[in-house]
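The residues making up each chain are set out below.
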Amino acid sequence: MKTVIKILNAMLLLLALIAVISSASADKQTYIVHLDRTKITNTYNSLGNSKPWHQAVLDSVVDVSSQEEHEATPPALIYSYETVFFGFAATLSAKQLESLKKIDGFVSAIPDKMVSLHTTRSPQFLGLRGSKGLWHSSAGLHSDVIIGVVDTGIWPEHVSFQDHGMPPVPAKWKGNCEKGTKFSPSNCNRKLIGARSFYRGYLAHGGKINETEDYLSARDSNGHGTHTASTAAGNLVENANLFRLANGSAAGMRYTSRIAVYKVCWPRCTSVDILAAMVQAIEDGVDVLSISIVFDEAEPYYQDFLSIASFFAFASGIFVSFSAGNSGPGEYTVVNTAPWIMTVAASTIDRSFPTTVKLGNGQTFEGSSFYTGKATKQLPIVYGKTAGSEGAEFCFAGTLNPKLVKGKIVICEQGHTIPAEKGEQVKLAGGAAMLIMSPQGEDLHTGVNVLPDALLGALASEAVRKYVNSTKTPMASISFKGTTYGNRAPKVAMFSSRGPNLVGPDVIKPDVTAPGVDILAAWPAGTSPSRLKNDKRRVLLNIISGTSMSCPHVSGIAALLKSKHRNWSPAAIKSALMTTAYTIDNKGKPIADLAFYGSATPFAFGSGHVDPVKASNPGLIYDITPENYIYYLCSLNYDDSQISLFLEGFRCPKKATMQPGDLNYPSFAVNFSHKTQNITVTYTRTVENVGIPKSSYKVSVKEPKGVSVIVEPKSLNFKKLGQKLSYKVSFTGLIRKKTVPSSSFGSLVWVSGNYRVRSPIAVTWY
């Protein structure tokens, strides 16, 4: 009996110990810690400490916390940062974090976060091809521009990344090709000049990497990274297509650029790993950073280490392009909004993949599909309860009843799961085809599926539901029309995240829109086009959609502009892209918004749709220096510790030198209180002549409703290239006798001959 009691006591003690350890483990979290470089290095050097400074700091945290209360596990260092900013990423308990905050030199600790990932025709649509295209006129440009792609990795053997005819790797390059699972330095060449992977943050976050499904290296198993890399800088690929759709020659926007890949997503990504990758890319010597990754919501810049790292990239002369997010069409959904970042929305090109859905009552509707087989016969339709149990309307796994579904067309509502997963469930249940219903908007971007399918817009979806509910024997057929060109475009995608800018309301975001719907680009040989495990098909190229696709378009165009204008700053390139963007589509109408059945606004597309040809010769540019941005942050009332994240040792002047609206940005965001009337705000801008040496520009203003706009002076007369002239714009919120919308829009354009230097105006009443 005593033996049994001893065993029970031992077991209880063990369980208690496990509970303590589990509690301590659960209490731990990964933080990005910023420290004062001078204080930390002076302190630990004066002690003659032979350990690395970051280890000495963590050891001191252990010493302090152990004196207060026993910690089951010590802090775990993940990354150390010394160049871009000074600090480290580590896993800490709450008590260890409190101990760390007591160290002289501590500045801030921000919790790590999980973030999400968000062509043949697009070069022609953008005007890059043809005898007058920018590719033709840029044939002799340098090919030493390096685009860094932070994403899911790359499939290095793809034809898009071959290096035939390319000169040696630029001497400035300091990066390398890391060895890993099914990836060796020999996989790199004169095109793909760098490849690294970052996963410590993901593992510290509790993530697991299954090496039977993914690669512990820069090799891509997802497809997203391969697609974005080739969109930005992939080689010319002849006879490109997907299932004989979208035939043509595929190429990246700056197809002679070099590519450096930084894999950070497995498939989820952590800010700790992305930060480490961005720091490494800056050190390696990239010229452009393309990052198609988003937080769920915008954060203040001092809490967003991707914004902080992007600032250091900007200060190093690197153009940084981020996707705007796929959380549209609601207001305030745009992310990656720091003003030194190019934030890119997504829109359509003039290519589509139409289907015709014919109902039993004779009604026909146009949809979209990548299916290329024969048309279906007139088949019975099942939907919701007629297809299975609760959840069948979304075609969730296990909800479709084979007895009800077999041989029929199944209606599946959009949402919760991707269309390919819905299609797989329909196919497993014996369904013959699928109709995907949209709850809002007329956005017909689609994806590869495993059976005949058609995506319908909201109006058609509502008509089909009405028909199905009106008869006991609903019927339909689907026919597939292949690829069509010359459609009205661009149109802003419904999914594209919208402004206003929640973090910095004095800056319009997104900045521009670019092709991001149904984009054809490179795909890994080991991944199916639907990404389903049971799909055994393999393709050379795939068609996918998202602001993740529009972002690398702009990254590649920025590389093209950098090739032509070697002395332009990142802000100058950004200005050129914004002030030459267009707002009228290929049919002569205002760019449409697929979510709201009307014209898009600057909160959907920023300055408009990018035009690479015009951007190469913009006439005037709005330049911004890193110092300008620091004073802008001061105008946002950032304190010294927050400013130190961007520039160590800087103190904001006691008297403000500028207001937020004075940032020399190529657009105008004006904010008025609902309670104020006849209030005037005046902003200053400075433009630099990069067009014709002796030139005169006159201003043309389209006033937003409810606002008076006065520009002084009304003309700018330049005598030489590089000359800078300033002007002031006064915005007055008028007395409103009638209720006006919460936002109204206009534009300010400087005109000289063929030059039209356009800035959008967005006025918001709050």
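Before reading further, recall that the structure is shown in the block above.
Notes on the structure follow. Keep in mind it's a predicted model, so treat the numbers as computed, not measured.

With that settled, consider the overall build of the protein. Helix and strand counts for the protein stand at 19 helices and 37 strands. Over its C-alpha trace the protein gives a radius of gyration of 28 Å, about what one expects of a compact globule, namely 27 Å for 766 residues. Overall size of the protein, expressed as C-alpha extent along the three principal axes, is 100 × 85 × 65 Å. Per-residue burial over the protein gives 58% buried out of 766 residues. Counting only carbon and sulfur atoms, one obtains 54% of the accessible surface of the protein, whose full area is about 30900 Å². Across the protein, the centroid of the 77 positively charged side chains sits 8 Å from that of the 57 negatively charged ones.

Glancing now at the sheet that holds strand β35 (residues 724-733). Spatially, four strands are ordered β29-β31-β35-β33 in an open sheet, and the strand pairing comes out antiparallel. The open sheet terminates on both sides in strands that have one partner only, identified here as β29 (620-621) and β33 (707-712). Here six bridges tie β33 to β35, and the two strands are oriented antiparallel to one another. In the sheet register, S708 faces β35, and the bridge partner there is T732.

Let us look at the packing of aromatic side chains. All told, the structure shown has 26 aromatic pairs when counted by the stated rule. Here the aromatic rings of W53 and F88 are separated by 6.3 Å at their centres, their planes lie at 40°, and the arrangement is tilted. Separated by 35 residues along the polypeptide, W53 in helix α3 (residues 53-68) and F88 in strand β3 (residues 87-92) bring together distant segments of the chain. Of the two residues, W53 and F88, both sit in the buried class. Seen in terms of ring centroids, Y697 and F718 are 5.9 Å apart; in terms of plane orientation they differ by 90°. Their pairing is edge-to-face. Within this pair, whereas Y697 is found in strand β32 (residues 695-702), its partner F718 is found in strand β34 (residues 715-718), the two being separated by 21 residues in sequence. In this structure, Y697 and F718 share a single accessibility class: buried. Three or more aromatic residues joined by ring pairs make a cluster, and in this case those are Y301, F311, F312, F314, W340, Y629 and F646. Lying over the aromatic face of W155, R219 brings its terminal NZ or CZ to 4.6 Å of the ring centre.

Looking at where I274 falls in the secondary structure, it is placed in helix α9 (residues 271-284). For the pair I274 and D151, spaced 123 residues apart in the sequence, the C-alpha separation amounts to 8.8 Å. I274 has contacts with V115, V150, V264, C269, I293 and L306, leaving out every residue within four places of it along the chain.

Take helix α18 (residues 626-635) next. The α-helix advances 3.6 residues per turn, and as a result positions three or four apart in sequence lie on the same side. Among the residues making up α18, those that are buried are Y629, I630, Y632, L633, C634 and S635. Packing partners of the buried residues in α18 comprise α10 (305-315) and α19 (640-644). Positive phi shows up at N637, right after α18, with a value of about 65°.

Sheet strands pair by backbone hydrogen bonding; their relative direction is either parallel or antiparallel. Read from one edge to the other, the open sheet built from three strands follows the order β11-β5-β13, with strand pairing classed as antiparallel. The open sheet is flanked by β11 (269-270) and β13 (293-294), the only strands paired with a single partner. Note that strand β5 (residues 114-117) and β13 share two bridges and pair antiparallel. For L117, the partnering residue across the bridge sits in β13 and is I293.

Now for the state of the cysteines. Under the counting rule described, the total for this entry stands at four disulfides. Covalent S-S linkage joins C177 and C188, the inter-sulfur distance amounting to 1.4 Å. Of this pair, C177 sits in the loop between β6 (146-151) and β7 (192-197) while C188 is found in the loop between β6 and β7, placing the two residues 11 residues apart along the sequence. As far as burial versus exposure is concerned, C177 and C188 are alike and both buried. Between C634 and C652 runs a disulfide, and the two sulfur atoms are separated by 2.0 Å. The sign of the S-S torsion, about -85°, decides the handedness of the disulfide formed by C634 and C652: left-handed. Taken as a pair, C634 in helix α18 and C652 in the loop between α19 and β30 (668-672) lie far apart in primary sequence, 18 residues in all. Each disulfide in the protein links cysteines that, numbered along the sequence, combine into the pattern 1-2, 3-4, 5-6, 7-8.

For the rest of this paragraph, the subject is the packing of α10 against α18. Remark: α10 packs on α18, axes separated minimally by 10 Å, with the N-to-C direction vectors making an angle of 150°. Residues F311, F314 and A315 of α10 lie in contact with α18, whose contacting residues are P626, Y629 and I630. Looking at the contact of α10 with α18 residue by residue, the classes come out as six nonpolar, no polar and no charged.

Let us look at the nonpolar core. Core analysis: the biggest nonpolar cluster contains 104 residues, and Y81, I293, W340, L577 and F646 have the highest contact counts within it. If one sorts the elements of this core by residue count, α9 sits on top with nine residues. Ignoring any residue separated from it by four or fewer positions in sequence, one finds I293 in contact with V115, S116, L117, V150, V264, C265, C269, I274, F322, S323 and N336. Judged by nonpolar contacts, the second largest core, of 24 residues, contains V687, V729, V757 and W765.

On to the packing of α9 against α10. Packing of α9 against α10 leaves a shortest axis separation of 10 Å and a crossing angle of 5°. One element, α9, and the other, α10, form an angle in the roughly parallel class. Where α9 abuts α10, its residues S271, I274, L275, M278 and I282 lie against F305, L306, A309, S310, F312 and A313. Residues of the contact of α9 with α10, tallied by class, amount to nine nonpolar, two polar and no charged.

Another point: the pattern of salt bridges. Under the defined criterion, the tally for this structure stands at 21 salt bridges. D163 is the partner of R190 in a salt bridge, and the nearest nitrogen-oxygen pair spans 3.3 Å. Of this pair, R190 sits in the loop between β6 and β7 while D163 is found in the loop between β6 and β7, placing the two residues 27 residues apart along the sequence. The shortest N-O distance in the salt bridge between K263 and D214 comes to 2.9 Å. Of this pair, K263 sits in strand β10 (residues 258-263) while D214 sits in the loop between α7 (200-204) and α8 (224-233), placing them 49 residues apart in sequence. There is no split in this pair, since K263 and D214 are both buried. Residues participating in the shared-partner salt-bridge network are E178, R196 and D284.

Analysis parameters
- Residues numbered from 1 in each chain as written.
- Predicted model: local features only at pLDDT ≥ 70, side-chain atom pairs only at ≥ 80, totals over all residues.
- Heavy atoms only, no water.
- Helix = DSSP H or I, 4+ residues; strand = E, 2+ residues; numbered from the N terminus.
- Rg over C-alpha atoms; globule rule 2.2 N^0.38 Å.
- Buried < 20%, exposed > 50% of the residue type's maximum accessible area, 1.4 Å probe, protein only.
- Areas by Shrake-Rupley, 256 points an atom, 1.4 Å probe, with all protein chains shown as cover.
- Lys, Arg positive; Asp, Glu negative; His and termini not counted.
- Charge placed at Lys NZ, Arg CZ, Asp CG, Glu CD.
- Pairing = 2+ DSSP bridges.
- Phe/Tyr/Trp six-rings, centres within 6.5 Å; stacked < 30°, edge-to-face > 60°.
- Lys NZ or Arg CZ within 6 Å of the ring centre and 35° of its normal.
- Contact = heavy atoms within 4.5 Å.
- Disulfide = S-S within 2.5 Å.
- Axes fitted to C-alpha atoms, helices over the stretch in contact; angles between N-to-C directions.
- Nonpolar A, V, L, I, M, F, W, Y, C, P; charged D, E, K, R; others polar.
- Core = buried A, V, L, I, M, F, W, Y, C linked by side-chain atoms within 4.5 Å.
- Parallel < 35°, antiparallel > 145°, perpendicular 65-115°, else oblique.
- Salt bridge = Lys/Arg side-chain N within 4 Å of Asp/Glu carboxyl O.

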